[in-house]
Structure formats: structure tokens, C-alpha cells
Amino acid sequence: MTNPTINTDRLLRELHRLAQFTDCPPTEDKTLPAPTTAVTRIVFTPRDLEARAWLTSVAEAAGFSVRTDAVGNTFIRWQGTDPALPAVGTGSHTDAIPHAGMYDGTVGVLGGLEAMRALQESGFQPRRSIETLMFTSEEPTRFGLGCLGSRLLGGVLDPALADALKDRLPETEPTAREGLTLQQVRECAGFHGDLASVKLASNYYGAWVELHIEQGPLLERDGIQLGIVTGIAAPASYRYVVEGFGGHAGALLMPDRRDALAAAAEMILSVERHALAANAKSGGVDTVATVGTVAVHPGAVNSVPSRVTLMLDIRDTDVTRRDAVMAAFHADIAAIEAKRGVKVTEELINADQPAQSSPHIVETLEAICKAEGATYKKMVSRAYHDSNFIARIAPIAMIFIPCRNGVSHRPDEYATPESIALGTRVLALALARLASE
Ligand code: HGY
Ligand code: MN
Ligand code: MN
């Protein structure tokens, strides 16, 4: 049985090098615990393209082949002795939301590459080819929909709809192109071809394991070294436009107003209330709802808001419960429209199913953790991941490592070198076992 040595220094060096491809200055926020490394790396921006070119150069220097598909998903491949067999895949994303941290996604991409190199350096020869995949646009920042690359790979997103998605980069971005489509932006970035060609055959991967930070507090709180993910919660997101009647903040009298922001505020509190009620009823914590963006028009202190756009992110491990919260929220929206004389338009962005892990891969990971003497717990992922959509075409599982205070999507996101190395070693051992089957 192979015994790969993870080169932790090399892996940490590369994680910090990748973090330097960022559009935000190193954070000055002294209120956050050090170390803090702020990263903004939005898909198809110059920083993202530089990071992609760097990753390709590192992978090719290790002797692996690299290919990209029409949307920029990047496949780092180690050919097996029996290349006709379905491959074993790992990987994650390197795009980062504004002012995020440096470990979300990147641990899975560089950890996958390091696992491949450590196996290669140990003299291991895979029967099945092994791939580390870097997905395009896991984050919804630019095109409003998360997991763009993996949805196309898994065949759960219509290619024409995808190519028509609008570029939503805020005007402040140097590369903002108001009103361009994904097709125009990706072709400008050098990714051509029909998106219909992105979908992978259902036997392309025989097994898939993604390494990722937990993005929650459970492992650290319980002093457990690794998480084995048995399921991934079902994400849904919606866009709402609230239209009222605005005007001069001094002259427009209260009875004559139809304040769109006041109505939006009631909507935000309503969906929070229904999510909390769902948890109270279930006795659990699996229902979560967040309004993460609010755009106010005209956005002047002395002008009554006439139009507000807000984005809702709602998730649950149980789709029926998630949909029940939405039904209660819809009833409140109707009441708010009647009471305030506003008009609310809803746009469904996505409403996905949860993903279940493969019992075989979970057992494989458990056996490896036991053999390594690593403490572990089986758990669900509340964050969504590209593995949600690879699950449509392959058996999956995920490995979680703890992150400090459970923090993610913030500059103080942090995982220890020991956790990163252990997660990468367990991943390498899992890839070796699965690629020998
Ligand atoms: O939002 C998520 O769950 C992921 O981090 N994009
Ligand atoms: Mn993320
Ligand atoms: Mn992620």
C-alpha cells in the first residue's frame, strides 16, 4: 500500500502564492484575529486568469497534462495504466467572493494537486487515471448563479441559458461590462466552444472526493480532525424587485408614500422569522435563510426609495421544509404588497436538490481515517459545493478540515498547516485506493 509524503511546505507556499492573485488590498481590519489574508478573485477577471495560468504552469511542471473546456473548467490529469476506465476525480474552485479568505476552494484544488504529486513521488502508479479539477465560477458573484462550471459538467444547467446569464460585476470593477453575457465574457477571456460540449458522460468519473474547509464551527468545537461529508444541503436563491412610489424625503407626506425599502425590510424579517420557526418546529438548525444583497434606488438620503432589489439565499437539508418556508414567505409578501401598495416581482435563480454521498466512498474514507489514527465525524455540509452537481454523474464524498472559529468568506478564514496536510494525506490515500479498484 502506498505511503505518500505530503510536502506541506510546498503546499502552503502555493496556497499563499495563489492568494496573491487578488483584487482587494490585504485587509487592514484590526478587529479580525490574525493571520488575515483578504482575497477577491472573481471569475474571468484579470486576477482569475493570472491564477489559472499559474496553476496550469505548476501542474505541467509536475508532469501532468492540463486541458480546459468551453467554460474554463480546468482538468489536471495523471493518466492511469488503464485509461479507458472511468477516472477518479478530486478538485474544487479558486474563485473567491469579494473580501473573502484564502482557503475556501483553494485547499481542494492545491490539495488535490499535492495529493497527486505525493503519490507520484511515492512511486505509486494508478490503474484508473486521477484528475484534479478546478471548476469555473463556483461563487455566484459575477453571474448570479453558483457552481456554473459544475452545473454544466453535471448536465443540470441548460447551456443556452448559461451563456445568456448577465455579467453583474459592480460598476466599480475595472473590468465591469454592463449587460454583457457569460458567452461574451468567457470568449473575451479565451474560452470558446459550445457549452453543450461541457457535460461529462455519467461514467467519466468512477469516484469523486472533494477536500474543503468546513466553513462552520463543528469540527473545531468538538476537537475533531476531519469531517466525512455524508450529504450536502439543498441551496435555492431568488431575486426580488420591490417597486413602490418614491419622491422628496421632506415634501412627500407619509400617507402618500409607498416606500420600497420599508417593504423590503418587512420581507427580510419575514423570511428570517419563517426560517427560525422551521428550526423551532424541527428542533434542528438545518433551515437557513439570508438576504445578502440589497440595492436601493435612487439611493439618496433625502429621497424615498422607489425600487429595491434583493437577493435571497435559502437552504435546507430537507427540500420539503425549505419549500414550506418559501410558501409562508410568499403569503407574507402578498400581505406586504396589499398593506403598502408596492409590487413585488420574484425571479427564481436556482432551487437545487440536496446531494447524498456514496456509502462506499464514505466507508473508504472512514477506513483511512482509522488506519491513520485521525479523529473524524460524519456530517452534512451546509455550504454548497461543486460536488453537489458532480453527484449527478458520479458517486461522491467530501473531506472537511476545521477552520478557525468556523469562519469563512472573510479575510480571517484560516486552517492550520497540520489540518491542511492531514486532509491532503487522507485525500491522497483515498485517491490511491479508488484508483486501484
Ligand atoms: O455559498 C456557498 O455555500 C459556497 O461557499 N459558494
Ligand atoms: Mn465560498
Ligand atoms: Mn467553496
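On a predicted model such as this, the values are computed, not experimentally measured, just so you know.

Description of the overall build of the chain
Thinking step 1. Scanning the chain for helices and strands turns up 12 helices and 17 strands.
Thinking step 2. Rg of the C-alpha trace for the chain: 23 Å, near the compact-globule value of 22 Å for 437 residues, within the 12% margin.
Thinking step 3. Taken along the three principal axes of its C-alpha coordinates, the chain extends 80 × 50 × 45 Å.
Thinking step 4. A buried classification covers 53% of the 437 residues belonging to the chain.
Thinking step 5. When the accessible area of the chain is evaluated, it comes to approximately 17500 Å², of which 55% is carbon and sulfur surface.
Thinking step 6. Side chains of the chain carry 41 positive and 52 negative charges; the gap between the two charge centres is 1 Å.

Description of the coordination of the manganese ion (ligand 2)
Thinking step 1. Donor atoms from the polypeptide that coordinate the manganese ion (ligand 2) comprise Asp104 (OD), Glu139 (OE) and His409 (NE2), at 2.1 Å from the metal.
Thinking step 2. Every donor residue of the manganese ion (ligand 2) comes from the same chain, spaced as D-x34-E-x269-H.
Thinking step 3. A separation of 3.6 Å is found between the manganese ion (ligand 2) and the manganese ion (ligand 3), which are bridged by Asp104. Here Glu139, found in the loop between strand E6 (130-135) and helix H4 (148-154), pairs with His409, found in the loop between strand E17 (396-401) and helix H12 (417-436); they are 270 residues apart in sequence, far enough to count as distant.

Considerations on the site of ligand 1
Thinking step 1. All residues adjacent to ligand 1 are Glu138, Glu139, Gln215, Arg315, Ala383, Tyr384 and His409.
Thinking step 2. At a separation of 3.1 Å, a nitrogen atom of ligand 1 approaches a polar side-chain atom of Glu138.
Thinking step 3. Per-class residue counts for the shell around ligand 1 are two nonpolar, two polar and three charged.

With respect to the coordination of the manganese ion (ligand 3)
Thinking step 1. In this structure, His93 (NE2), Asp104 (OD) and His212 (NE2) serve as the protein donors to the manganese ion (ligand 3), at separations of 2.1 to 2.3 Å.
Thinking step 2. A relative accessible area of 0% means that His93 is categorised as buried.
Thinking step 3. On the basis of relative accessibility, which here comes to 8%, the residue Asp104 falls in the buried class.

Here we look at the packing of helix H10 (residues 359-372) against H12
Thinking step 1. Two numbers describe how H10 lies on H12: the axes approach to 10 Å, and their chain directions differ by 125°. On the basis of their axis angle, the class for H10 and H12 is oblique. Like other packed secondary-structure pairs, H10 and H12 cross with a definite hand, here right-handed. Only Arg425, Val426, Leu429, Ala430, Arg433 and Leu434 of H12 make contact with H10, whose side of the interface consists of His360, Ile361, Thr364, Leu365, Ala367, Ile368, Cys369 and Glu372.

Thoughts on the sheet that holds strand E14 (residues 343-351)
Thinking step 1. Strand order in the open sheet made by the four strands is E11-E13-E9-E14, with antiparallel pairing throughout. Each of the sheet's edge strands pairs with one partner strand only, and the pair in question is strand E11 (288-297) and E14. Along the sheet, successive strands turn relative to each other by an average axial angle of 15°, direction set aside.
Thinking step 2. Two elements, E11 and strand E13 (residues 307-316), share nine bridges in a ladder whose sense is antiparallel.

What about the domain arrangement of the chain?
Thinking step 1. What the domain assignment lists for the chain is domain 1 (8-233 + 354-436) and domain 2 (236-351).
Thinking step 2. One C-alpha centre belongs to domain 1, the other to domain 2; they are set 32 Å apart.
Thinking step 3. Facing the 10 residues of domain 1 at the interface are 10 residues of domain 2.
Thinking step 4. Here domain 1 and domain 2 share an interface that buries about 820 Å² over both sides, 54% of which is from carbon and sulfur atoms.
Thinking step 5. Broken down residue by residue, the surface that domain 1 buries against domain 2 is led by Ala233, Pro354 and Arg382, which jointly contribute 48%.
Thinking step 6. The interface formed by domain 1 and domain 2 contains one salt bridge.
Thinking step 7. Put simply, Arg382 and Asp286 hold a salt bridge, and the shortest N to O gap is 2.5 Å.
Thinking step 8. Inspection of the domain 1/domain 2 interface yields two residue pairs in polar contact (both at pLDDT 80 or more).
Thinking step 9. Each residue belonging to the side of domain 1 that touches domain 2 can be placed in one class, and the counts come to six nonpolar, one polar and three charged.

Calculation notes
The written sequence of each chain sets the order in which its residues are numbered from 1. For naming, the first written chain is A and the first written ligand is 1, with later ones following in the order written. Residue-level local features of this predicted model are given only where pLDDT is at least 70; pairs of side-chain atoms are given and counted only at 80 or more, and the full residue set underlies all totals for whole chains, interfaces and linings. Only heavy atoms go into the side-chain values, all of them from the structure, while hydrogens and water stay out. Strands here are runs of E lasting at least two residues and helices are runs of H or I lasting at least four, both read from the DSSP assignment and numbered beginning at the N terminus. Atoms counted for the radius of gyration: C-alpha only. Globule rule: 2.2 Å times residue count to the power 0.38. Here's how the labels work: a residue is buried when its accessible area is under 20% of the maximum for its type, exposed when over 50%, partly exposed in between, all with a 1.4 Å probe on protein chains only. Each accessible area is a Shrake-Rupley estimate made with a 1.4 Å probe; only the visible protein chains count as cover when residues are assessed. Counted as positive: Lys and Arg. Counted as negative: Asp and Glu. His and the chain ends are not counted at all. Where a charge lies is defined by one atom per residue type: Lys uses NZ, Arg uses CZ, Asp uses CG and Glu uses CD. Any N, O or S atom lying within 2.8 Å of the metal counts as a donor, with the limit raised to 3.2 Å for Na, K and Ca; because water is left out of the atom set, some sites can appear incomplete. The cutoff for a nearby residue is simple: one of its non-hydrogen atoms must lie within 4 Å of the molecule or strand. Residues adjacent in sequence count toward polar contacts only when both atoms are side-chain atoms; beyond that, a polar contact is any pair of N or O atoms within 3.5 Å, and within protein one must be able to donate a hydrogen and the other to accept it. Residue polarity follows a fixed list, in which Ala, Val, Leu, Ile, Met, Phe, Trp, Tyr, Cys and Pro are nonpolar, Asp, Glu, Lys and Arg are charged, and the others, Gly among them, are polar. Comment: axis = line fitted to C-alpha atoms, over the contacting stretch for helices; angle = value between 0 and 180 degrees taken between N-to-C directions. When an angle is under 35 degrees it counts as roughly parallel; over 145 it counts as roughly antiparallel; between 65 and 115 it counts as roughly perpendicular; any other value is oblique. By convention the crossing between two helices is left-handed if the near helix lies anticlockwise of the far one by an angle smaller than a right angle, and right-handed if it lies clockwise. In what follows, a contact means two residues having at least one pair of non-hydrogen atoms within 4.5 Å. Following DSSP output, two strands are said to pair if at least two bridges run between them. For the domain bounds, the source is a domain assignment made automatically or taken from a database. In short, buried area is how much 1.4 Å probe accessible area vanishes from two parts on joining, totalled over both. A pair is scored as a salt bridge if a Lys or Arg side-chain nitrogen falls within 4 Å of a carboxyl oxygen belonging to Asp or Glu.

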